[in-house]
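# Fold and contact review
The lines below spell out each chain.
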Amino acid sequence: ESLLNFQTMVADLTGMEVANGSLLDEATAAAEAMTLLHRVRTNKEAAGERSLFLVSDRCLPQTLDVLRSRAEPLGIDLHVGPMDAMVFEPRVYGALLQYPDERGELRDLAPFVEKAHAAGVLVAVGTDLLALALVTPPGEMGADVVFGNSQRFGVPLGYGGPHAAFFATRNVFVRHAPGRIIGVSVDAHGRTAYRMALATREQHIRREKATSNICTAQALLANM
């Protein structure tokens with residue numbers, strides 16, 4: 001129930017349709033966004049045709065490092081540069097932006113997202129939950145994935161450990177979403193019941209084809 005509350009809070013603040021209950025940290029959540037967008041695009045098109053991923057140079061440095069590490073073995077070409085200079089050539093399948101960016105700047109992303117979607121490019125946005133209590137959420141600007149970490153919502157800083165990441169996306173991509181998703185069901189006595197709605201089937205049956213590792217320890221941080 002607590003994880004469902006976490007998911008609901010994240011979905012509300014990001015303006016997205018569905019959110020998950022546990023991911024490791026913001027940088028690996030960015031990598032999950034990059035691979036999710038690649039999966040949903042290459043289901044319809046040959047992988048080689050759509051293999052270029054554009055990343056804003058205003059993303060956090062640790063995010064860029066993890067993206068580079070994850071992209072190489074998957075055959076994804078990464079291009080890091082200014083948002084305004086991004087060109088949606090046919091090989092581009094997705095773009096990743098930071099909002100607010102690493103300099104603290106907030107920009108209206110709606111025109112960029114609209115232009116990207118017109119070119120068949122999906123958009124992921126790294127963001128800050130506390131900022132979203134005040135500013136327009138990326139979901140309302142058309143983002144396809146919104147991610148970040150939840151440290152600023154009350155987990156004390158200690159020993160540099162990762163703080164529970166969040167990952168929100170559209171309902172149409174839910175079967176590709178990493179981590180666990182808690183759903184509301186009904187038990188044999190007709191009472192409300194909370195259960196793991198997706199991770200059980202997706203992660204355990206698919207095994208080596210699973211979309212991500214389930215970060216059990218991060219569920220505790222999500223609860224906190």
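Criteria and thresholds
Residues numbered from 1 in each chain as written. Predicted model: local features only at pLDDT ≥ 70, side-chain atom pairs only at ≥ 80, totals over all residues. Heavy atoms only, no water. Salt bridge = Lys/Arg side-chain N within 4 Å of Asp/Glu carboxyl O. Helix = DSSP H or I, 4+ residues; strand = E, 2+ residues; numbered from the N terminus. Pairing = 2+ DSSP bridges. Contact = heavy atoms within 4.5 Å. Axes fitted to C-alpha atoms, helices over the stretch in contact; angles between N-to-C directions. Core = buried A, V, L, I, M, F, W, Y, C linked by side-chain atoms within 4.5 Å. Buried < 20%, exposed > 50% of the residue type's maximum accessible area, 1.4 Å probe, protein only. Polar contact = N/O pair within 3.5 Å; in protein donor to acceptor, adjacent residues only side chain to side chain. Expected span 1.5 Å × (residues − 1). pLDDT = per-residue confidence, 0-100.

## With respect to the pattern of salt bridges
- One pass over the full model with this rule turns up nine salt bridges.
- Linking glutamate 105 and arginine 58 is a salt bridge whose minimum nitrogen-to-oxygen distance equals 3.0 Å. Highlighted residues: glutamate 105 in the loop between strand E4 (92-99) and helix H4 (110-118) and arginine 58 in the loop between strand E2 (52-56) and helix H3 (61-74), separated in sequence by 47 residues.
- Each member of the salt-bridge network shares a partner with another, and the members are Arg58, Asp101 and Glu105.

## Quick word on the sheet that holds E2
- The strand order across the open sheet built from seven strands is E1-E7-E6-E5-E4-E2-E3, with neighbouring strands paired in mixed fashion. A strand with exactly one partner marks an edge of an open sheet, and here the two such strands are strand E1 (18-19) and strand E3 (77-81).
- Where E2 and E3 come together, five bridges link them in parallel fashion. Residue pairing across strands places leucine 54 opposite histidine 79, the latter belonging to E3.
- Of the strands in this sheet, E1, strand E6 (145-149) and strand E7 (165-169) touch helix H1 (residues 2-14), which is tilted by about 60° from E7.
- Where H4 meets the sheet, it contacts E4 and strand E5 (122-127), and its direction lies at approximately 150° from that of E5.

## Quick look at the nonpolar core
- Counting residues in each nonpolar core, the largest one holds 37 residues, and the members touching the most others are Val10, Leu54, Phe88, Leu97, Leu109, Phe112 and Val123.
- Looking at this core, the element that brings in the most residues is H1, giving six residues.
- Once residues lying within four places of it in the same chain are set aside, the contact partners of leucine 54 are His79, Met86, Val87, Phe88, Val92, Gly94, Ala95 and Leu96.
- Listed in part, the 24 residues of the second largest apolar core include Ala33, Tyr93, Leu96 and Phe167.

## Side note on the side chain of aspartate 144
- Counting through the fold element by element, aspartate 144 comes out in the loop between E5 and E6.
- Within the structure, the side chain of aspartate 144 is placed 2.8 Å from the backbone nitrogen of valine 123, a separation counted as a polar contact.
- For aspartate 144, the residues in contact, after removing those within four places along its chain, are Met16, Leu37, His117, Leu122, Val123, Ala168, Thr169, Arg170 and Phe173.

## Some words on the pairing of E7
- Counting buried residues in E7 gives five out of five residues, a clear majority hidden from the surface.
- Residue alternation in E7 divides its side chains into two sets, Ala165, Phe167 and Thr169 and Phe166 and Ala168, and both sets are buried.
- In this structure, E6 lies alongside E7, joined through five bridges in antiparallel fashion. The partner of asparagine 149 across the bridge, within E7, is alanine 165.

## Points about H1
- With 13 residues, H1 extends 18 Å between its outermost C-alpha atoms, agreeing within 8% with the 18 Å of an ideal straight helix rising 1.5 Å per residue.
- Among all positions of H1, only Leu3, Leu4, Phe6, Gln7, Val10, Ala11, Leu13 and Thr14 are buried.
- Phi turns positive, to about 75°, at glycine 15, one or two residues after H1.

## Topic: the environment of methionine 86
- In this structure, methionine 86 sits in the loop between E3 and E4.
- In this structure, methionine 86 is in contact with Leu54, Val55, Ser56, Gly81, Ala95, Leu96, Leu97 and Phe112, ignoring residues within four places of it in sequence.

## Things to note about the confidence of the model for the protein chain
- When pLDDT is averaged along the protein chain, the result is 87; 87% of the residues meet or exceed 70.
- When the elements of the protein chain are averaged for pLDDT, helix H5 (residues 199-205) gives the smallest value, 51, and E5 the largest, 98.

## Digging into the side chain of aspartate 101
- Structurally, aspartate 101 can be placed in the loop between E4 and H4.
- The class for aspartate 101 is buried, based on a relative accessible area of 9%.
- For aspartate 101, the side chain forms a polar contact with the side chain of arginine 58, separated by 2.6 Å.
- Here the side chain of aspartate 101 touches arginine 103 through a polar contact of 2.8 Å, landing on its backbone nitrogen.

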